Protein chains: 2
Amino acid sequence: MSEKKIPTKMYLDESELPRAWYNINAVVKHDPALNPKTLKPCTLEDYSKVFCTELSKQELNVTDEYIPIPEEVQEFYKMIRPSPLTRAYCLEKVLDTPAEIYYKFEGNNTSGSHKLNSAVAQAYYAKQEGLTSLTTETGAGQWGTALSMACAYYGIDVTVFMVKCSAEQKPFRKAVIETYGGKVIPSPSMTTEVGKSILEKYPETGGSLGCAVSEAIERANETPNCKYVLGSVLDYVILHQTIIGLETKAVLEKFNIEPDILISCMGGGSNFGGFIAPFIKDKKEGKKNYRIIGVEPASCPTLTRGKYVYDFGDTGKTTPLLKMYTLGSGFMPAPNHSGGLRFHGMNPIVSKLYHDGYIEATTVKQTEVFDAAVTFAKSEGILPAPESSHSIRVAIDEALKCKKTGEKKKIVFCLTGTGYFDLKAYTAFNEGKMTDYVPTDEDLAKGFATIPDIPQNK
Amino acid sequence: MSEKKIPTKMYLDESELPRAWYNINAVVKHDPALNPKTLKPCTLEDYSKVFCTELSKQELNVTDEYIPIPEEVQEFYKMIRPSPLTRAYCLEKVLDTPAEIYYKFEGNNTSGSHKLNSAVAQAYYAKQEGLTSLTTETGAGQWGTALSMACAYYGIDVTVFMVKCSAEQKPFRKAVIETYGGKVIPSPSMTTEVGKSILEKYPETGGSLGCAVSEAIERANETPNCKYVLGSVLDYVILHQTIIGLETKAVLEKFNIEPDILISCMGGGSNFGGFIAPFIKDKKEGKKNYRIIGVEPASCPTLTRGKYVYDFGDTGKTTPLLKMYTLGSGFMPAPNHSGGLRFHGMNPIVSKLYHDGYIEATTVKQTEVFDAAVTFAKSEGILPAPESSHSIRVAIDEALKCKKTGEKKKIVFCLTGTGYFDLKAYTAFNEGKMTDYVPTDEDLAKGFATIPDIPQNK
């Protein structure tokens, strides 16, 4: 027992909670988003047409390293935060590894994930701006749930375009969103022009985040006093998610833990960016030398096999052009079970960090991911989300390497959420019916062909 | 802000966690359980035929006020405990009440409820005794999930007889239990003699906890190196669940909160008993005068309309006879959505406390319960289990009384779990299709007719 000086669960006190988000754009500069019509950097006016003004300002802020969290958002955070940092003693024992494994668990709220961190901020700013409704897209359903929770709290209507194959895999997600008063439309749908045109081209498609974004933007544009909000990809979302990294850094310091490896999964980049942002400056300045690993599904290998160019964030090509790693906005990912990771692009900050060599990226296959998920569930008592299990897979692999070398590395990963609405996927895995999919170079070439042919991409 | 001296979430430090359970049987004596054949008090030998020896000893222990928690169980507890005590600032604001509302949240684990507290203890003792498999029943599915998690942790097989209407309402519960390696059989089933005979009598029955208990006991008796375990009703289960009350009492003291009202829902009595047990002595000795309220569904009004007599714990009449409030082991509760509260009897300690006037009991109707659940979900960010929402209903009602009187009462309730697997019920409520059921006196008379006609009941 004397070895166990580190508690299993570690919390910050309420008085230690961060009161400002961390704006990594003040430290790492990436190429600006472009207005697709003018090919000039997006202005506040450009952004404000689609997004709330305050969020647009945050998107463009490259000067303030810290941005205060509004008092009202802090009050909400206190209901769901701090999230615990857990030492995975039981998993370590099962793996018989000398490594120390830690996870920051963001799933202890009804949205089942970290998504609520940004949802509540976005709903707050929408309310402040006097909006009466919002639209959004959702992949796995976690963002849609989070936003409907936040909108219920602030008394705002919300319409959620949910990627069709996720909606079918997770019927009860719809029920949760509806309990919170949100409206769910499986995407692509016949309720928008862009949805109709996608369905005409691909009548059998299970949908994608890219399609759902296009539909949600179209609906917002048509609706009075309504704007579109987004749960990932944009810098302001990462800004809000830095609450994860700030808490993680603070609690690691509180308990004198020096991490060797930081790991998280990557879809649009929001949890990953938010988790690692507060650690980048020290690494950039050579004060710390931890490895930072992003994990993506082999079926949607944006960083590891994509191109670093300007591309649209949606299939309908209506968003600003973002300089990012992308598989092309026309890339249609296979319907794997990690709906939250099925996005063709990657947030520009995360892309830039990868391009500059500050972070690594790796891919894992779905069946390997679920194998890790079940090991984790049985030892740590939490049934993880498929998305989060990508991080578990890599954390376990790194811990098993330590077993071979005898190294006592400290591995910290972000456990983004729970798998309570992913039981069809678990059943497929339990019954041995889950398959893996890795796109061929030809598959990727089709996606790359949809990347815009503009001077900046030459 | 100056008013908010009490944090939203309150935790004990790991070093402050209880190291012994609280055995209320050393303080409040109830009539002993009887062997149904001899009508003599059950002996250790009687119990040990069905239950693990160590658990049987705990059941019979009426001398030790504290019983140490095994080190290995404490290690597991550290993964899921302490559970937070939350000040419901946002709910208070929505209700516009001067009352202070607090809840102890037991749902932050994959079983989704407090059930894991006892499951891990029971699986541990089974392992120690060298058993290789266990059987059990489950109503809402929370106990079955909890036991399968605990058994996965200790490497023991488990078969779960799940009340049929719950199994149908909650298809994904089965998937979670199977992911943890458990086997699920909807009850009544054709796999046992008692199941066959119940199905012959009531072919359309949705099942009940009483039926499922009988089936699980029969299966355990037939299986080598296997015993039956129970998630509620027995005193040893309450013993394990006192971890809830001990933590609650300690954290209230830590933050100088003097409760006026303690509330929890009642099915078999395990969470209720565990939550309130550590508070009873002070009340009994006149040191404290808090009100303690148990909440039961109007459809299964065990304390409020039942009889205080000796009765069987199962429909098949195979368990020891327990002196308790009961509706008769033949009472077939209507299939309401709170599967965990559909039990004809009530733990003997809780029954005795009610009989002696130390606690109150009240009933609430299903639609009122879901109305409170949605209010809570929207303000506090947690979608509660239907069972737990019984407590929320009464907490809200008490807070609204304070609104009228201007009293600043401190209301503390146990939020036993989450409703993530109860979405069919929420959908029924959202769509206005949920109905209420209150048994007539004739309905109750049919149940009472099944109470055993023995000298002790004269």
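Because the structure is predicted, anything quoted here is derived from the model rather than measured.

Observations concerning the overall build of chain A
Right, on to step 1. The number of helices and strands found in chain A is 18 helices and 15 strands.
Right, on to step 2. Relative to its 458 residues, chain A shows a buried fraction of 67%.
Right, on to step 3. Nonlocal contacts in chain A, meaning residues at least 24 apart in sequence, comprise 77% of its contacts between residues at least 6 apart.
Right, on to step 4. Total accessible area on chain A is roughly 15,500 Å²; 50% of this is exposed by carbon and sulfur atoms.
Right, on to step 5. Between the averaged position of the 52 positive side-chain charges in chain A and that of its 55 negative side-chain charges there is a distance of 2 Å.

Some points on the interface of chain A and chain B
Right, on to step 1. Every contact between the two is made by 42 residues of chain A and, on the other side, 42 residues of chain B.
Right, on to step 2. Interface area lost by chain A to chain B is led by Met79(A), Phe172(A) and Tyr420(A), which between them contribute 17%.
Right, on to step 3. Connecting chain A to chain B are zero salt bridges.
Right, on to step 4. Taken together, the connections running from chain A to chain B amount to 14 residue pairs in polar contact (both at pLDDT 80 or more).

Some remarks on the relation of the copies chain A and chain B
Both copies of the chain are placed relative to one another by a rotation about an axis and a shift along it.
Right, on to step 1. Least-squares fitting of chain A to chain B yields an RMSD of 0.0 Å, with the superposition described by an axial translation of 0.0 Å and a rotation of 180°. Here the copies are linked by what is in effect a two-fold axis. Measuring from the rotation axis to each C-alpha of chain A, the shortest distance belongs to Asn108(A), at 3.1 Å.

A short note on the packing of helix H5 (residues 116-128) of chain B against helix H6 (residues 142-154) of chain B
Residues and elements named next belong to chain B.
Right, on to step 1. Viewed as axis vectors pointing N to C, H5 and H6 meet at an angle of 40°, and their least axial separation amounts to 8 Å. By the angle class used here, H5 and H6 are oblique. In the packing of H5 onto H6, the handedness of the crossing is right-handed. Judged by residue contacts, Leu-116, Ser-118, Ala-119, Val-120, Gln-122, Ala-123, Tyr-124 and Lys-127 of H5 engage Trp-143, Ala-146, Leu-147, Met-149, Ala-150, Cys-151 and Tyr-154 from H6.
Right, on to step 2. Among the residues forming the contact of H5 with H6, the class breakdown is twelve nonpolar, two polar and one charged.

Here we look at the sheet that holds strand S15 (residues 410-415) of chain A
Residues and elements named next belong to chain A.
Right, on to step 1. Ordered in space as S1-S4-S5-S15-S10-S11-S14, the seven strands form an open sheet in which the pairing is mixed. Every other strand in the sheet has two partners, leaving strand S1 (9-10) and strand S14 (360-364) as the edge strands with one partner each.
Right, on to step 2. Docked against the sheet, helix H12 (residues 270-284) engages strand S10 (261-265), strand S11 (291-297) and S15, running at close to 155° with respect to S10.

Observations regarding the pattern of salt bridges
When their charged atoms lie close together, side chains carrying opposite charge are able to pair.
Right, on to step 1. Enumeration according to the criterion identifies 60 salt bridges over all chains in this entry.
Right, on to step 2. In this structure, Arg87(B) and Glu92(B) form a salt bridge, with 2.6 Å as the shortest nitrogen-oxygen distance. The residues Arg87(B) and Glu92(B) share a single accessibility class, namely buried.
Right, on to step 3. Of the charged contacts, one joins Lys352(B) and Asp356(B) as a salt bridge, the two residues approaching to 3.3 Å between their closest N and O atoms.
Right, on to step 4. Sharing partners across several salt bridges, the network here consists of Arg81(A), Lys104(A), Glu106(A) and Glu247(A).

Concerning the sheet that holds strand S10 (residues 261-265) of chain B
Residue and element names in this part refer to chain B.
Right, on to step 1. With mixed pairing, the seven strands of this open sheet are ordered in space as S1-S4-S5-S15-S10-S11-S14. The open sheet terminates on both sides in strands that have one partner only, identified here as strand S1 (9-10) and strand S14 (360-364).
Right, on to step 2. The strands that helix H12 (residues 270-284) touches are S10, strand S11 (291-297) and strand S15 (410-415); relative to S10, the one it contacts most, it runs at about 155°.

Some remarks on H12(B)
All names here are of chain B.
Right, on to step 1. When the terminal C-alpha atoms of H12 are compared, their 20 Å separation across 15 residues agrees well with the 21 Å that a helix rising 1.5 Å per residue should span.
Right, on to step 2. Roughly 50° is the biggest bend found in H12, and it falls at Ala-277, with proline Pro-278 one to four residues downstream.
Right, on to step 3. Counting buried positions along H12 gives 13 out of 15 residues, so the element sits mostly inside the fold.
Right, on to step 4. Phi turns positive one or two residues past the end of H12, at Gly-286, with a value near 75°.

Considerations on the side chain of Ser56(A)
Right, on to step 1. Secondary-structure assignment places Ser56(A) in helix H2 (residues 53-60).
Right, on to step 2. Look past the residues within four positions of Ser56(A) in its chain and what remains in contact with it is Leu44(A), Tyr47(A), Ser48(A) and Phe51(A).

Considering the environment of Thr38(A)
Residue and element names in this part refer to chain A.
Right, on to step 1. Within the secondary structure, Thr-38 is located in the loop between strand S2 (20-22) and helix H1 (44-50).
Right, on to step 2. By relative accessible area, Thr-38 is classed as partly exposed at 47%.
Right, on to step 3. Put simply, Thr-38 and Ser-56 are 18 residues apart on the chain and 19 Å apart in space, counted from C-alpha to C-alpha.
Right, on to step 4. In this structure the side chain of Thr-38 is engaged in a polar contact, spanning 3.1 Å, whose partner is the backbone nitrogen of Lys-40.

Some words on the packing of aromatic side chains
Right, on to step 1. According to the stated counting rule, one finds 39 aromatic pairs over all chains in the structure shown.
Right, on to step 2. Consider the rings of Tyr47(B) and Phe51(B), whose centres lie 6.2 Å apart with planes at 35°: the pair is tilted.
Right, on to step 3. By relative accessible area, which is 5% here, Tyr47(B) ends up buried.
Right, on to step 4. Taken together, Phe76(A), Tyr124(A), Tyr125(A), Tyr153(A) and Tyr154(A) form an aromatic cluster joined through their ring pairs.
Right, on to step 5. Just above the ring of Tyr308(A) sits the side chain of Lys323(A); from NZ or CZ to the centre is 4.8 Å.
Right, on to step 6. Here Lys307(B) stacks its cationic end above the ring of Phe448(B), 4.7 Å away from the centre of that ring.

Rules of the game
Residues numbered from 1 in each chain as written. Chains lettered and ligands numbered in written order. Predicted model: local features only at pLDDT ≥ 70, side-chain atom pairs only at ≥ 80, totals over all residues. Heavy atoms only, no water. Helix = DSSP H or I, 4+ residues; strand = E, 2+ residues; numbered from the N terminus. Buried < 20%, exposed > 50% of the residue type's maximum accessible area, 1.4 Å probe, protein only. Contact = heavy atoms within 4.5 Å. Areas by Shrake-Rupley, 256 points an atom, 1.4 Å probe, with all protein chains shown as cover. Lys, Arg positive; Asp, Glu negative; His and termini not counted. Charge placed at Lys NZ, Arg CZ, Asp CG, Glu CD. Buried area = accessible area lost by both parts, 1.4 Å probe. Salt bridge = Lys/Arg side-chain N within 4 Å of Asp/Glu carboxyl O. Polar contact = N/O pair within 3.5 Å; in protein donor to acceptor, adjacent residues only side chain to side chain. Least-squares fit on C-alpha atoms with pLDDT ≥ 70 in both. Axes fitted to C-alpha atoms, helices over the stretch in contact; angles between N-to-C directions. Parallel < 35°, antiparallel > 145°, perpendicular 65-115°, else oblique. Left-handed = near helix turned anticlockwise from the far one by under 90°. Nonpolar A, V, L, I, M, F, W, Y, C, P; charged D, E, K, R; others polar. Pairing = 2+ DSSP bridges. Expected span 1.5 Å × (residues − 1). Bend = angle between axes of the 7 residues up to and from the residue. Phe/Tyr/Trp six-rings, centres within 6.5 Å; stacked < 30°, edge-to-face > 60°. Lys NZ or Arg CZ within 6 Å of the ring centre and 35° of its normal.

As far as function goes, none of this settles anything; it's purely spatial.
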